[in-house]
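# Examining the three-dimensional arrangement
Okay, here's what each chain looks like letter by letter:
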Amino acid sequence: MWFLVFVILLLALILYVLFAKIEVYINTDQNQYEVQLQGIATASVEEHEQELLRIKLRVFLLNFYFYPLRKILRKTKGNSLRQAQKNKKEEVKKTEVKTSKKGSKRFSFRKIITILRTFKVKRMLLDIDTGDDIQNAKLYPLFGFMNHYIGTFTINFEGKNQLIVQIHNRPIYIIKSFINQ
């Protein structure tokens, strides 16, 4: 009896995760960058005084903090800048060798495009100033054309740049794109 209840709850959780909405929200004006699996988890990038940045992960009602650059900064703290660049070059060479052996398991360009097509842009706002009045004037007709089809594109002459993007998807759509490919 308990086993049956456990299996039903597990299947219900898996179905909920498959059909739950994934939202990506980027707002450069307010420094908000977050990914949300609706009702389950939220991951957001925040500024931190001592560390460069931290990732706040909220699962149900519990908060966890991760510092992804802490390990990198510790490695380069004792080394000089040249030594750090040398280490990066060596790491790149090692990863290139590893990826070349697995050439058959790489994503093709076509598969990446089909996955990207499953994402829907809910809201997009781009407000830029290039700093050059002539360049702004050249971009004005292009942005006017794109306003009708993609999102909201504006040009200001105040030196302010802003990007707001809100994208959503569902895991089941991503899995379907893998199967149909």
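In the block above lies the structure referred to throughout.
Keep in mind it's a predicted model, so treat the numbers as computed, not measured. (Residues numbered from 1 in each chain as written. Predicted model: local features only at pLDDT ≥ 70, side-chain atom pairs only at ≥ 80, totals over all residues. Heavy atoms only, no water.)

### Some thoughts on the nonpolar core
In terms of nonpolar packing, the biggest core is built from 7 residues, these being L126, I128, L139, F143, M146, F153 and I155. Of all elements in the fold, only β6 (120-128), α5 (133-147) and β7 (152-155) reach the threshold of two or more residues within this core. The element that contributes the greatest number of residues to this core is α5, accounting for 3 residues. Discounting chain neighbours no more than four positions away, the residues touching F153 are M124, L126, F143, M146 and N147. (Core = buried A, V, L, I, M, F, W, Y, C linked by side-chain atoms within 4.5 Å. Buried < 20%, exposed > 50% of the residue type's maximum accessible area, 1.4 Å probe, protein only. Helix = DSSP H or I, 4+ residues; strand = E, 2+ residues; numbered from the N terminus. Contact = heavy atoms within 4.5 Å.)

### A look at a nonpolar patch on the surface
Where nonpolar side chains cluster on the molecular surface, the patch consists of F3, F6, L10, L11, L13, I14, Y16 and V17 and spans about 800 Å² of accessible area. Inspection of the secondary structure puts L10 in helix α1 (residues 2-19). What makes L10 partly exposed here is its relative accessible area of 40%. (Patch = residues over 30% accessible without salt bridge, like charges linked within 9 Å, V, L, I, M, F, W, Y side chains within 5 Å. Areas by Shrake-Rupley, 256 points an atom, 1.4 Å probe, with all protein chains shown as cover. Salt bridge = Lys/Arg side-chain N within 4 Å of Asp/Glu carboxyl O.)

### Brief notes about the packing of aromatic side chains
One pair of aromatic rings is described through two measures. These are the centre distance and the angle between the planes. Tallied over the entire structure, the rule returns 2 aromatic pairs. Where F143 meets F153, the ring centres are 5.5 Å apart and the plane angle is 50 degrees; that geometry is what we call tilted. You can see F143 sitting in helix α5 and its partner F153 sitting in strand β7, a full 10 residues away along the chain. Across the pair, F153 and F143 agree in class, each one buried. Each ring, one from F145 and one from Y149, has its centre 5.1 Å from the other, and the planes form 55 degrees; the classification is tilted. The exposure class assigned to Y149 is exposed, which follows from its relative accessible area of 62%. (Phe/Tyr/Trp six-rings, centres within 6.5 Å; stacked < 30°, edge-to-face > 60°.)

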